[in-house]
Each structure stands twice: as C-alpha cells, then as structure tokens.
Amino acid sequence: MANEEDDPVVQEVDVYLAKSLAEKLYLFQVELEMAIDTLNPNYCRSKGEQIALNVDGTCADEASTYSSKLMDKQTFCSSQTTSNTSRYAAALYRQGELHLTPLHGILQLRPSFSYLDKADAKHREREAASEAGDSSQDEAEEDVKQITVRFSRPESEQARQRRVQSYEFLQKKHAEEPWVHLHYHGRRDSRSEHERQYLLCQGGSGAENTELVKSPSEYLLMLVPPSQEEERDKPVAPSNVLSMAQLRTLPLTDQIKILMKNVKVMPFANLMSLLGPAVDSVAVLRGIQKVAMLVQGNWVVKSDILYPKDSSSPHSGVPAEVLCRGRDFVMWKFTQSRWVVRKEVAAVTKLCAEDVKDFLEHMAVVRINRGWEFVLPHDGEFIRKHPDVVQRQHMLWTGIQAKLEKVYNLVKETTPKQPDGQPGPAGLLSGEQRVQAAKSRAQQNHALLERELQRRREQASGSAVPPGVQIKEEPLSEEGEEEEEEEPAVEEGEPMDTSPGGGRLGRLTNGLPAGWAAGGDGFTGPPPPSGAGPAAQELRAFVEATFQRQFVLTLSELKRLFNLHLASLPPGHTLFSGISDRMLQDTVLAAGCKQILVPFPPQTAASPDEQKVFALWESGDMSDQHRQVLLEIFSKNYRVRRNMIQSRLTQECGEDLSKQEVDKVLKDCCVSYGGMWYLKGTVQS
C-alpha cells in the first residue's frame, strides 16, 4: 500500500488495437543515410566515376550497377534482428488515445559493398584477357592440349537435400533473387498521410478490441509471454527414444508397435505389464496381431515393421522384400523347433552371413555346439487361455509356409501337433525319446517299402523280380537307428549340417523318407542294386556328369548333390531303390576319380564325410597334367601358398606355363582363403 501511494496514477489512456496493417507493417532500422547527393560539394565526382568504371566497365546497359556512370546510390542489405516480433508494436498517440499496430517484422539495414567484389572480378578478367593476348602473339599456332572429361554421378536425394541446405547454395539463391523497384514517399507526402491513417483503430466501438478484454493475469501473460530459450537449452532425448510417460500419451496401437519394434520378442504378460493395468487385454490382443506373429506362445515383431518397403540391408544392400522373406523363414523355423542352424538358413535364403545373424539375434541366442535357440521359453499358458488367437495364427503361418515353399522351392513338411491338440513347437528330446522316434520312423519306412515291393510284384504279374534289384528283409537295428540320430560335427558353435539326413525341412530330405537319407552306409529296406543293373548305370552317369562340372568334391557335397538330383526325378525312378554310401564311393572310383588323402589338421571340425575328398584324375583336356600335379601337392599339404604351386607346376610342366593356365587349374580345384589355397570343400572358416 505504501508503494502504491508513492506511485499515484497521473493519467488514464485508452488503448486501441489497430489491425489494418497487422500483416504488412515492417520496421526498418537504418544506420546510414540512404541517398547519396552527388551534387554536394563534399562528393568527389572523379572517385565516383572511377568506382562506376571499375564495377561496370566501359559499356553501360540495363544490367549495369551504375547506369549513370557515376556512383550515385548505395545498396543496403537487411538482416532479421529478432525471430519473435509478437511482443513489438508501433504506437500512435492521438487525441488522448494510444493506437497499437503489431509489427510483422523488424529488419536492420546495413550497407553492402558487393560492388567492390564486382570490381575485383572485372580486374581479374582484364588481366586474364591481357595474358592470353600476349601468349597468342608469341605462339604462331596454339598447341593441342589434352583435357580430362568427367561426368558427374547421379545425385541422390540425401545429397540434394544437403546441397540445398548448404550456406553456399543459400548465398547463391540470395544473389539470384531479382530486385524489386520501389518508390519512396516522404513524410509530408499525401500518400504517406493516407497510409498513416491505417495506424488508427477504424472501429469506434470496442468490438475489434476483444483481445484487450482479458483478465489481469491473462493480459500480463500476453504482455510478457514465458521465454522458450530455457526449454531449448535443455538436453533432449534421442529421436528414437520415448519415456513411458510420453509413450502412454500415444494411441494404444502405436504404443504396441513402438514396444514390439524395440523389444522384438515379448510374452503377452510382459506386454500387458508395460501398457498398464487399465488397458483392456482384448484391445491389446487385437493390436498385437497387427504388428507381431505368434512363435512358441510368444509374440515376435513382424518383418515388415523392421524393414519398411523402401529400405534395404545395411550389410548387403538387398531390398526390404528379400529381407522380410528371409526373416519370415527364420520365424517359421522357430515355430517348428526351438533350434535353428545358421548355415541352413543361409543356404536356403541365399543371404549374407551378417543379415542372417541379424535375423537370429532378434529372436534367439547362440549355444555352443548346438546352434541358435529361441530366446524365450514356450508360453503354454497363453496358448491355453487364447485358443482362438492360436488357431488364427496357425492359419497365418500355414499361408506363410506355402509362400516360402514356393519361393525357396522347399518340400512341404507335415508338422505333428502337440498332445493337447494345439499346434506348437517341439520341445527338446532326451536320448531315449530320440531312439523311440527313430524306431517309429524306421517301421514306417519299412511298411512303405513293403507296399512298394508288393506293387511291383503285382505289376510283374507273378513274374520274377526285375533284373538288377535284390530283395532282402533285415531286422531293424537299434544300434543303426541310434547312429542315424547322432549329431554331426560342429563348427563355430553350430551343427555342421552336411549329411543328406539333415535336410532343409527337418528329417524329410528332398522328398525322401528320413531313413533313406540317413548318413550310414545302409538303409532300412532293400539293399542297393548290383553294379550291372539300371540303377548302377544311372548312378554312374550322374557321377560322371557331376565330376565333369566340378573336378573336386567331398563325399558330403556329393551326397548333397545326389539328393538334389533325386528330388528332380519322377516317383518310382530306379534310383529310389536305395543307394548306399559304399556304392556311391565305388562308383566314383570306377568313373576315373581318385580319393585324395588330404592331411587335415588334428583339431579340425570337419565331419568324416567332409574329410573324404575325391577328384577327377583324367578328363581328356589339356589341363590333366596340371591338375594331377596340383592334387599331388594337396595329398601332402592341407593348405598351400600360390608361389609354391606356381614353382611346382613350372618344375613339372616346363617354363612355358602361362598365368592363365595356372589360374584355370586353381579355379577348377581350389579356393583361396586368408592368402592360402585349399582344395574345394576342405577349408574350415
């Protein structure tokens, strides 16, 4: 109260808000006088003419800076003094009333000396022209000079955006902006008097001044708005990070999408706990099915969420469509089993190792000597509580499986259901369970062979067994079945899936029953045909054709190629009668090939089939001698340097051996890894 008495109100003034020029009124702050009086005795005319001559030269046209050949004007450039002009207004006090007009912009004008740059450019052009004239007088004829032509690469969208935002581009764009000629009206001019009337509030009533009818607190807030500089100075989180408080302000579908995109794999119970107790579980179930797929009772984010349509792999550059297809294959494999082999995925999807590793790291963890295991345990509780969701997801996976079989040319696999009738992943089996499963498969294969034999007997109408086929019934061997189920050797913490029995889709290998594709020397059922039968002739033709294309093969690779060949044959072909490993090896040796006893290192992880290396000894071409020398080298060395191979070939085959001939024999038989050369199929990365 004492302060108010010391500061009494002297006068009350009505304040009006004028809007006629609200969007057009600018305030120009000029530091210097704009006009140049060339008639003033203090103006140096000779200096003005010299400046105009330096800038424009001798010719005068409309594009000249000084058309009068005299520096009679000064250029001013504007700069914005403040970005927020809402706190500033132009006031006009008249007849006891204060009229305020908001300012649209405040510009500060400063003199520009760009004409000096033009004068320097003109001076450099004249010097260059004079030097060129002198050199042309000295030389009677201009020499021919070689020039280099460079073509610019197509500009990407990101590069174009960076160029547009660069300082150089903005300066160039500013310089290219055309001048707008304006007419200046003095303070006493009639036009100025007319425009000045717009600074007065036109309405006599207070209808236009509703902005001033505010409470004291609102009016004070309008006069002094809160500063935003402090908020700008505060550190902000990365653009891809949201706090839980920020997350819960988004719609439920966006919350689920963001959570699944960051976590990749999540049980439904954990998702509900993150979303909060007030969220309806039915709505969450409806939303989660839009962005994720059910794998072993857990939700895994969909591939198209992680790899949008126009994206590509950061490792290999393959498009998003190929990445989504490969990741869907990995997810589908985990619906069949808890374990996935990385090399099997890479062989099917034909993607690079980095992309496949990214897929697996999204949803699995690597286990030494086993492969990749699904990261979360099987959620049986969710499957029991939501059978309708599980059934719907099973139908979706069936469609995805059909698409993958068509794209990757896979053989359809019938997946057994869980005992409770719900489809789900198979758990880990003990040794006894594996033996029982092998016995069951062997009995099924035996029954299948019996039916096939009966059908052939009926076709023969009681005649003798077709030539080349021997029928022999043998009891099932539990020991052989246990050997059939043994895991192959491992490398880099994953199973080496080289045997034909470890096909791409479970134990059903390229359309053959698992018992037929086993890695042992014999099969359950009839023994292999004799060497003179049609099956032996077909096998001999396959082996000869294969080694004519690939001169060096391991037994593991040969068996894989043979299984692919069987898959392309029609049902009932003679090769389906059964081919053992022993018969395959004998046929290879009889076809003119030799086994190369490569000295593998003691710590090798190669399986026995990978250590059996066969090579075509004579093919009838000019490179037979070179190939034989090379194979003799690898019969004593596991890996060899190129200079050693070069010197040995030169020593055995003569000095006239060309580099192209050495490259050909190396390409036919070897692979290079880490600066060393290995026989094909023997390198262990």
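Cut-offs applied
Residues numbered from 1 in each chain as written. Predicted model: local features only at pLDDT ≥ 70, side-chain atom pairs only at ≥ 80, totals over all residues. Heavy atoms only, no water. Helix = DSSP H or I, 4+ residues; strand = E, 2+ residues; numbered from the N terminus. Buried < 20%, exposed > 50% of the residue type's maximum accessible area, 1.4 Å probe, protein only. Contact = heavy atoms within 4.5 Å. Areas by Shrake-Rupley, 256 points an atom, 1.4 Å probe, with all protein chains shown as cover. Pairing = 2+ DSSP bridges. Axes fitted to C-alpha atoms, helices over the stretch in contact; angles between N-to-C directions. Left-handed = near helix turned anticlockwise from the far one by under 90°. Nonpolar A, V, L, I, M, F, W, Y, C, P; charged D, E, K, R; others polar. Expected span 1.5 Å × (residues − 1). Parallel < 35°, antiparallel > 145°, perpendicular 65-115°, else oblique. Polar contact = N/O pair within 3.5 Å; in protein donor to acceptor, adjacent residues only side chain to side chain. Salt bridge = Lys/Arg side-chain N within 4 Å of Asp/Glu carboxyl O. Arc of directions from axis to C-beta. Phe/Tyr/Trp six-rings, centres within 6.5 Å; stacked < 30°, edge-to-face > 60°. Lys NZ or Arg CZ within 6 Å of the ring centre and 35° of its normal. Patch = residues over 30% accessible without salt bridge, like charges linked within 9 Å, V, L, I, M, F, W, Y side chains within 5 Å. pLDDT = per-residue confidence, 0-100.

## Topic: the overall build of the protein
When its secondary structure is counted, the protein shows 27 helices and 19 strands. A burial count over the protein gives 34% of its 685 residues as buried. Excluding contacts between residues fewer than 6 apart, the proportion of contacts in the protein whose partners are at least 24 apart in sequence is 67%. With an accessible surface of roughly 44,000 Å², the protein has 52% of that area assigned to carbon and sulfur atoms.

## Comments concerning the sheet that holds strand S17 (residues 613–616)
With antiparallel pairing, three strands are arranged side by side in an open sheet as S15-S17-S16. The two strands at the open ends of the sheet, each matched to only one other strand, are strand S15 (552–554) and strand S16 (593–596). Geometrically, the sheet is characterised by an average inter-axis angle of 30° between neighbouring strands, direction not taken into account. The sheet contact formed by S16 and S17 spans four bridges and is antiparallel. Along S17, the bridge assignment pairs Gln 595 with Phe 614. Of the strands in this sheet, S16 and S17 touch helix H23 (residues 581–590), which is tilted by about 115° from S16. Set on the sheet, helix H25 (residues 624–634) makes contact with S15, S16 and S17; between it and S17 the angle comes to about 165°.

## Some details on the packing of helix H26 (residues 642–653) against helix H27 (residues 659–669)
Direction vectors running N to C along H26 and H27 enclose 115°, while the axes themselves pass 11 Å from each other. Along this stretch, H26 crosses H27, giving a crossing that reads as right-handed. In contact with Arg 642, Ile 645, Gln 646 and Leu 649 of H26, H27 contributes Lys 659, Val 662, Asp 663, Val 665 and Leu 666. Here the contact of H26 with H27 is built from residues that sort into five nonpolar, one polar and three charged.

## Quick word on helix H18 (residues 387–408)
Every α-helical turn comprises 3.6 residues, leaving residues that sit three or four positions apart pointing alike. Look at H18: 31 Å from first C-alpha to last across 22 residues, which is about the 32 Å you get at 1.5 Å a residue. The elements touched by buried residues of H18 are helix H12 (281–291), strand S8 (292–295), strand S9 (298–301), helix H14 (320–336), helix H15 (342–349) and helix H17 (380–385). Just beyond H18, the residue with positive phi is Asn 409, at close to 60°.

## Quick word on the pairing of S8
In S8, alternate side chains face the same way, and those of Ala 292 and Leu 294 on one face and Met 293 and Val 295 on the other are all buried. Pairing of S8 with S9 involves four bridges; the strand directions are antiparallel. Residue pairing in the sheet places Val 295 in a bridge with Asn 298 of S9.

## Describing the side chain of Gln 585
The residue Gln 585 is located in helix H23 in this model. The class for Gln 585 is buried, based on a relative accessible area of 7%. Beyond its immediate chain neighbours, meaning those up to four positions away, Gln 585 contacts Leu 555, Lys 612 and Phe 614.

## Side note on the packing of H25 against H26
For the pair H25 and H26, the least separation of the axes is 10 Å and the interaxial angle reads 130°. Taken together, the axes of H25 and H26 lie oblique to each other. Read as a crossing pair, H25 and H26 show a hand that is right-handed. Mapping the contact onto sequence places Gln 625, His 626, Val 629, Leu 630, Glu 632, Ile 633 and Phe 634 in H25 and Ile 645, Arg 648, Leu 649, Glu 652 and Cys 653 in H26. A class-by-class count of the residues in the contact of H25 with H26 yields seven nonpolar, two polar and three charged.

## Details of the side chain of Glu 344
Within the fold, Glu 344 resides in helix H15. With a relative accessible area of 11%, Glu 344 lands in the buried category. A polar contact of 3.0 Å, which involves the side chain of Glu 344, links it to the side chain of Lys 333.

## Focus on the pattern of salt bridges
This model, assessed by the stated rule, comprises 17 salt bridges. Between Arg 648 and Glu 652 there is a salt bridge, and its shortest N-O distance comes to 3.5 Å. Remark: Glu 652 and Arg 648 occur in helix H26; sequence separation between them is four residues, near one turn of the helix. Judged by its relative accessible area of 26%, Arg 648 is partly exposed. Three or more residues joined by partner-sharing salt bridges are found here, namely Arg 338, Arg 367 and Glu 373.

## Concerning helix H2 (residues 45–56)
With twelve residues, H2 should cover 16 Å at 1.5 Å per step; its first-to-last C-alpha distance of 16 Å lies within 8% of that length. Of all the residues in H2, the buried ones are Gly 48, Ile 51, Ala 52, Val 55 and Asp 56. Buried residues in H2, looked at end-on, bunch into an arc of 105°, giving them a common side. Looking at H2, the residues exposed on the side facing more than 90 degrees away from the buried face are Ser 46 and Lys 47. Phi turns positive one or two residues past the end of H2, at Gly 57, with a value near 80°.

## Remarks on the packing of aromatic side chains
Within the structure shown, the criterion is met by nine aromatic pairs. Both rings, one in Phe 329 and one in Tyr 408, keep their centres 5.8 Å apart while their planes meet at 75°; by these two values the pair is edge-to-face. With Phe 329 in helix H14 and Tyr 408 in helix H18, this pair connects stretches of sequence that are 79 residues apart. A connected cluster of aromatic rings, assembled from ring pairs, spans Phe 268, Trp 299 and Phe 382. Geometry around Trp 617 places Lys 594 over its ring, the cationic atom sitting 4.1 Å from the centre. Sitting over the face of the ring of Phe 551, Arg 627 holds its NZ or CZ atom 4.2 Å from the ring centroid.

## Points about the sheet that holds strand S5 (residues 97–102)
Read across the open sheet, the three strands follow the order S1-S5-S4; overall the sheet is mixed. Two strands bound the open sheet, and with one partner strand each, they are strand S1 (14–17) and strand S4 (89–94). Adjacent strand axes in the sheet meet at a mean angle of 25°, parallel and antiparallel pairs treated alike. As defined by bridge partners, S1 adjoins S5 across four bridges and the pair is classed as parallel. The partner of Val 15 across the bridge, within S5, is Leu 98.

## Let's talk about a nonpolar patch on the surface
On the surface, Tyr 219, Leu 220, Leu 223 and Val 224 cluster together into a nonpolar patch covering about 380 Å² of accessible area. Of note, Val 224 is situated in the loop between helix H7 (216–223) and helix H8 (229–233).

## So, the confidence of the model for the protein
Looking at the protein, pLDDT values average 75 and 76% of them are 70 or higher. Confidence drops under a pLDDT of 50 for residues 413–429, and excluding neighbours within four residues, the segment shows 29 contacts in the predicted structure. Low pLDDT, under 50, characterises residues 461–531; the predicted model gives this stretch 153 contacts beyond four residues in sequence or across chains.

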